[in-house]
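Reading the structure
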Amino acid sequence: MIKEALLDISKGYVKVFFDGNPVDSIYSVDGITDDESGMKKIQLTFLAKEVLFKE
């Protein structure tokens, strides 16, 4: 679980940080809602040239 999510919109675009670490390739923030436990649920869209799956 992420302890702190920061959505910085101070420069006119969204920068996302999870626990103080920047997250690259954010395309959009699609929603922020509360779940049944009171935690925040953040829906993000990322851009990627390739998506790999490990089974």
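The model shown is predicted, which means the values in this text are computed figures rather than measured ones. (Residues numbered from 1 in each chain as written. Predicted model: local features only at pLDDT ≥ 70, side-chain atom pairs only at ≥ 80, totals over all residues. Heavy atoms only, no water.)

**With respect to the sheet that holds strand E3 (residues 21-23)**
Within the open sheet, the three strands sit side by side as E1-E2-E3. Their pairing is antiparallel. Each of the sheet's edge strands pairs with one partner strand only, and the pair in question is strand E1 (5-8) and E3. When the angles between neighbouring strand axes are averaged without regard to direction, this sheet yields 30°. Note: strand E2 (residues 15-18) against E3, three bridges, orientation antiparallel. Considered in E3, the bridge of Phe18 is made with Asn21. (Pairing = 2+ DSSP bridges. Helix = DSSP H or I, 4+ residues; strand = E, 2+ residues; numbered from the N terminus. Axes fitted to C-alpha atoms, helices over the stretch in contact; angles between N-to-C directions.)

**A short note on the pattern of salt bridges**
In the structure shown here, the tally under the stated rule is one salt bridge. A salt bridge links Asp34 to Lys40, with the nearest nitrogen and oxygen atoms 2.7 Å apart. Just as Asp34 is exposed, Lys40 falls in that class too. (Salt bridge = Lys/Arg side-chain N within 4 Å of Asp/Glu carboxyl O. Buried < 20%, exposed > 50% of the residue type's maximum accessible area, 1.4 Å probe, protein only.)

**Considerations on the layout of surface pockets**
To find the voids left in a structure, one rolls a probe of water-molecule size over its atoms. The space that makes up the largest pocket amounts to roughly 210 Å³. As for the largest pocket, its lining consists of Met1, Ile2, Lys3, Glu4, Ala5, Phe18, Met39, Lys40, Lys41, Ile42 and Leu44. Sorting elements by how many residues they give to the lining of the largest pocket places strand E5 (residues 40-46) first, with four residues. Its residues assigned to classes, the lining of the largest pocket shows seven nonpolar, no polar and four charged. (1 Å grid on protein atoms, 1.4 Å probe; cavity = no way out; pocket = protein on both sides within 12 Å on 5 of 7 lines; lining within 4 Å. Points joined across faces, edges and corners; volume = space filled by probe spheres on them. Nonpolar A, V, L, I, M, F, W, Y, C, P; charged D, E, K, R; others polar.)

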